[in-house]
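Examination of the molecular architecture
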Amino acid sequence: MDGYAPAFVAHNLPLLVVSGLETLDEPRSATPGTSITSEIPSVESDDAQVLLGHFKANDASDLAWNGREHSRRNKFRVKTIAREYTLPMRHAAPAAIPQPTSQISKPVLHSALSPLTPSSTLYPDGLIDAKWIEKHQYHVPSAYVVFYTFTSNPNLSSKLDNQLKSDINNIKTTLCQSGYKTRLVVALLSENSVVQSPDVEDRLANIRKNTGLDSKTSFFFLPPQSSPVELRTFVDTITSTIYPLCIEYYRDLSKHARRKRNRGIVPPPTAPPTSGTSQTLSSQGWNIRYDFKLGVFSEFRQEMDAAVRSYESGYEGLLGPDVLEAIASWGPRWNEYRLLADVLAIRILRCLLWNGNSTTAVRRWQQHRERIRDFVDRRGKGSSTYGWEAWEARWATIMGEMVVKVSISDFAPENGDTYLPPEKSIAIGERLRPWELLHHPGYWFFTASKHSISRRNLALAMPEEDRAPPGVSPASQIVNKSHTYDDYLCPEPHVEYPLPGHNGFNHSASIIFTLSNATAEFETRGQRRLVQELQLLSAKESMRRELWNDALMILRTLWLKMSYRKEGWWNAVEEVGWALRNAALHAGDGVSVVSVDWELMNNSFAHHPSWHYDITRSLEGISMLRSKPMVVLHNAEVHSFLSATFTFEHTEGKVGDACRSQCTVTSTALPASVPVAINGINIEFLGSMKELVIRHMSDGETGNQRPRLFKEIALTEVVEDGRAKQTGHADLTFRPGQMKVFEFKSSLREDGDVKAVSATFTITSASFDLDYVHTFEQMSTPDLWWGQAGMKKKIARSDASSLTVLPKPPKMELRFIGLQGQYYTNEGICLDLEALNEEDVDAIANLEVSLHGDGAPPVRIVASDKSPPSSPTKEEEGDLQEGTQLGRIASGASSRVRILIPPIDLPAVYELAIKASYNLVLDLETPVSRSITLQLDVINPFEANYDFSPRIHPDPWPSFFAHEEAVDTIKVVEYPKAYGLSQKWCLAARYASFASEDVIVEDIDVAVIGVNGSIICSTKKQASLPTCGLVVSPRTLEEAQFDVCTQKKSLDDRGTATLDVSLAIKWRRKVESSPINTSTLAVPRLLVSSSEPRVLAAVSYSESITAMIHFDVTIENPSNHFLTFGLTMEPSEMFAFSGVKQSTLQLVPLSRRTIKFRLLPSIRGDWIGPIHCVIKDRYFQKILKMAPTEGMKVDKEGILIWVPPEEEP
Amino acid sequence: MAAIPSIACIGVIGKNNNPLHISIFPSDPTNLPIRTSVQFSLVLSSTLDIFEARSKVNLTSGGGLSGDYGLLHAIDERLAAYGFETNTGVKFVVVVDMRGRGIGEIGKGMGSSGLGLREGEMKVVFRALQASYIKLLQNPFYDPDEHSPPMGRGGKKITCKRFAEDLRRIGESWRPGAGTT
């Protein structure tokens, strides 16, 4: 709205002048007028300052133009002064030089601002001047508030009160004389020490009476010692009390204006016009003037409906047939009238928006434009001039600014509405143009910027002869010019588009300014895509002004961040790209130029036939390059024509295996573009795979032109810059639309996951370096695996660019040779292990062996006898944990070792773990290992049970009645001489083989491990085994019997003795020259040498009478007692016997007796019995159990005797 | 010469805010499109701001279930964008030129800036567009995921000739107040 006088377009508020609170006056202005002065100085107290602050804060001139804000506390435009104030003159001063008229009457003086006054700018036919509004808005107050101090000094009170009275009366008089109906309001601030008393009331009443002020509306008193709240209330009371009166003041002014309008006559001017057009303002013109005044006064009263009516009436009058149509369109008045039409329209728009009639406002805005366009087309210079577009831009800007100033709550950023719904008065279903729904200011500014651009285009179309400055061009042209170009509120042609070398209007700056206004509005509402469009326009304008750096700054960020690329609006991307390239080229930003050139080669963009599309020529024509550009682009930030995918053939690979992978590079460059030669492609991996580098090497093949090329690249491993890489060479020239498939075979070194992360395409040239990083992304389409001949297969994996590397499968075979089915305790275990190298190359191996289990014995490894003599392995005494070197094993050959486990005593289960670690000769870096385990179940080969039975010792017992001299002393020394009783026992060991195969028992023996009790003991095997050993089959029972003779050392020893013996079986496997092992089986403890009497039965067969059997019963009395036994032998059906049938036997201590029977059995070849021969201790009445010896067995009922069958003759 | 509104441009925008199809129609009196195709792209793209803002509001208020966004915004006095979103996130934007079709001297009484539009007068267009789009989806060779990949970036354009033909027919035949398209 800057083309209009501020007073014309500003909203009007009642003016309130507050005097006596400020301490200093502004310097008195030189304008003549009625001066209000006062002799009483301003109030100088703290309260006065507070009140002054409140008054200033209540100023409403900066409020938004809406009823919401104006209905609050702030209602006035407040002007604070000290004591002096000048009211403007009501009438113009009489002309200094009397008009040479022949009028008789004295000339009538009019207002200085009236078209009737010759000194006015409006004279003679102007309509209204902004000064008139200024007069009412800034100079003539509706109320004049005077503050005085109300003294507390009782001595001075009457004098000062009188002074007050006269001062107030003076001001009153002055105001009255000025002709304005300004209301005087007096406010008294009492001094702090005034005591509230009737005296004060009297004084106040006196002052009031003498000044004739209304106590309710014009006379205010602030009691002493008021609180801040009271001060605030005091100010509010004053403003709210006088506000209706002030409104009344403006209503009076309205009435005055309406009266004059209704009078309907044109008042005579002070002097008739003599110069220029002699036409005076018509009555229609006067009506417009009055309507305008009425409208303004309504605005003062905040009555917007009334204001709209008045303005509309004025507007219709102005554009009616009698005013604007009637005056010459080339005169300055025409522009003035047009300006007034704009002002009326602006004021109407404001009032409509104030009342919330947004749709009506937009319609009114359009209507005004259409009417003015119509006028300009008919009466003016047409609507196809730059001046018209300038006005259109202005008109849109005004609407935008107005919407901002009206501050519609729906447009607040937090509500974020784009446009308002139709106002309530619009009928539902009415046809509405979308633009009639009031859009937020951004749209209006955007529209304005479009008109500014059209204006510039029209300006640029002006021929050169029209643009010459005045004075240069001939007069005829000036006349012509003034008929062609409309310079209403815009510069003349020579400024609008100056000739070179002249200063003129800066179109771009104005466009950029409007665009930035629009951008700010759109940005606060989050319309970032529209903002991008505006930024592009703005940057283009900057480029037009050759502000390359400004443009570059906008475009570079726009190019990087724009939503168009992400969302695939390629033509928009292209637009920004070319703009950026242009700006960067001039600003010397090589990086941007190369980046844009790279992107624009994509065939998503339109082809410009004149462009070379050669990335190597990218920097041609750039002059201000500071340094060689190093460009790094990522696929996320640029729509590149090169794209790459990386595919592993399989999901899994194994260490040591070769793994095949493909990198497919596709060029989607414009068909017309020059093939791009890449210097190298680096493929980065995450995980244990080494970086893959493909270097360019032209192969010069003509087949290079094919749309798809398949190339297998041999990789070599090198270390560059401290990093291990796999490198290969290929032709890296990519033609438009070409796809190249590179296949690699790389060997896997470490296990773990590998993921191809990115491919970096590097171009190094003399003018720039470019790295394009393509990060492999998961795609929705399945990855493809290309075959040599061009067939493809889809890979049904979600992520083909990753690979799981498994540890290497060993091809070294470990196996045992001659492994026995079963291993036994007490046997030295010897395992032959063969390590067979089935790898394709020689391997250097190392063997680790360990035996796990409870009490596992140490294991030894010795070189196998069968191993080749060249093998360096010998008996290894080294640490088995570290392993035994097996040395180099040729491919297909084997190495043998023997694992020795010493004999194990107890049956147990062990685990033998064998691990062969080896490296292949060709690939010493990759360790490979093969391990096997063997469960070793060691069992006892034999188990035995035992039978221990007494026998009759053949030696005679010592007798108390025999004497023997000790003769041989040497024997005494050698053997401890035993004097006690000798007893004979028989130990029968029945052992069974638990082995799984036949074993040969070489020998079996009983060893006395220990004796308890003072006895001596000797054992003797009854029968010896065959010399070649006894073959024992599994699960068969064998028996061996041993005689055990014990003798007490002392005859007096009556104690019990026990015997610990063990059975030792010497056995070997039934294999030639197998070693003999000794298994020792424990025998339960044997109890010998009881002091109790015992009965032993013995049987022997008669040699003379074949059928007769001798049956001897021996009673032993090893005790020191004289024992009496009863003997009864019962007859039996099975045999006849001779001998004692019934008898009593008496045994002296340490004696034995044998009772002999002769039996003649009735049967042969069978057991006979039981033999009921009962021996009973007479003293203890206890039957002694008869113990059998050889040739007998015991039944439940007694002893059975074997009768041999009758010998065949 | 009086003029009535006509469709200046129909844009079909994918789930990833990517353009799927843009049909541009000539406007009277020159019988040429009133904007270049780049400008129409920018216009269509700018409507996405409003789709975003409105869908946020709809999320909180629970409104907008029908998918019809009505007037998105008026770009200027001549062009206004209307929007519709399917429940798969495909957006139809119809840019109406308020003075796109000259009707000679018949409708002189309608004022110089053309005839307005009633609320919901674009519904027929969107219904027709939706029908065409559904027809396109029924084509077994049309894979919607190819056109708006779930990964969220860009996508192919619709190249189906019949769809383009449908859109052309819809755009050319619509006029305010017409019953069906």
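Keep in mind it's a predicted model, so treat the numbers as computed, not measured.

Time to look at the interface of chain A and chain B. Every contact between the two is made by 30 residues of chain A and, on the other side, 35 residues of chain B. Among the elements of the structure, helix H11 (358-378), helix H13 (441-460), helix H17 (528-544), helix H19 (563-567) and helix H20 (570-587) of chain A are those that each provide at least two residues to the side of chain A that touches chain B. Here the element with the most residues in the side of chain A that touches chain B is H17(A); it accounts for 4 residues. When its residues are assigned to classes, the side of chain A that touches chain B shows 9 nonpolar, 11 polar and 10 charged.

All right, on to the domain arrangement of chain A then. For chain A, the assigned domains are domain 1 (6-93 + 109-263), domain 2 (382-526), domain 3 (641-806), domain 4 (812-937), domain 5 (942-1088) and domain 6 (1094-1203). Spacing between the C-alpha centres of domain 3 of chain A and domain 4 of chain A amounts to 45 Å.

The subject of this paragraph is the environment of A:Cys351. Residues and elements named next belong to chain A. Its place among the elements puts cysteine 351 in helix H10 (residues 332-354). Taking C-alpha positions, cysteine 351 is 45 Å from glutamate 464, a pair spaced 113 residues apart along the chain. Once residues within four sequence positions are removed from consideration, cysteine 351 is found in contact with Met304, Ala307 and Val308.

Our next topic: the pairing of strand S21 (residues 769-775) of chain A. All names here are of chain A. Bridge count between strand S8 (residues 630-634) and S21: 5 bridges; the pairing is parallel. Note that in S21 the partner of valine 631 across the bridge is leucine 770. Looking at chain direction, strand S20 (residues 752-764) and S21 are connected through 7 bridges and run antiparallel. Each bridged residue has a counterpart across the sheet, and for threonine 760 the counterpart in S21 is valine 773.

All names here are of chain A. Residues other than glycine seldom take positive phi values, yet asparagine 826 does so here, at roughly 65°. Mapping asparagine 826 onto the fold places it in the loop between strand S26 (823-824) and strand S27 (829-837). Residue classification places asparagine 826 among the buried positions, given that 20 C-beta atoms sit within 10 Å. Unusually for a residue other than glycine, arginine 1035 sits at a positive phi of about 65°. As for its position among the elements, arginine 1035 is in the loop between strand S38 (1030-1032) and strand S39 (1037-1048).

Glancing now at the confidence of the model for chain A. All names here are of chain A. On average, residues of chain A score 84 in pLDDT, and 93% of them reach the 70 mark or higher. Here residues 866-881 scores under 50 on pLDDT; set against residues more than four positions off or in separate chains, the count is 25 contacts. Low pLDDT (under 50) marks residues 969-974, which in the prediction has 1 contact with non-local residues, meaning those over four places away or in another chain.

Conventions used here
- Residue positions are given per chain, counting from 1 as you read along its sequence in written order.
- Each chain gets a letter, beginning with A, and each ligand a number, beginning with 1, in the order they are written.
- Two thresholds apply to this predicted model, a pLDDT of at least 70 for residue-level local features and 80 or more for giving and counting side-chain atom pairs, whereas whole-chain, interface and lining totals are computed over all residues.
- Contact between residues is assigned whenever the C-beta positions, reconstructed from backbone atoms, fall within 7 Å.
- Helix and strand labels come from DSSP, where a helix needs a run of H or I of at least four residues and a strand needs a run of E of at least two; each type is numbered from the N terminus.
- The residue classification treats Ala, Val, Leu, Ile, Met, Phe, Trp, Tyr, Cys and Pro as nonpolar and Asp, Glu, Lys and Arg as charged. All others, Gly included, are polar.
- An automatic or database domain assignment is the source of the domain bounds shown.
- Here a strand pair is declared whenever DSSP counts at least two bridges between the two strands.
- Exposed residues have 12 or fewer other C-beta atoms within 10 Å of their own C-beta, buried residues have 20 or more, and residues in between are partly exposed; the C-beta atoms are placed from the backbone.
- Note on scores: pLDDT gives the predictor's confidence for each residue, bounded by 0 and 100.

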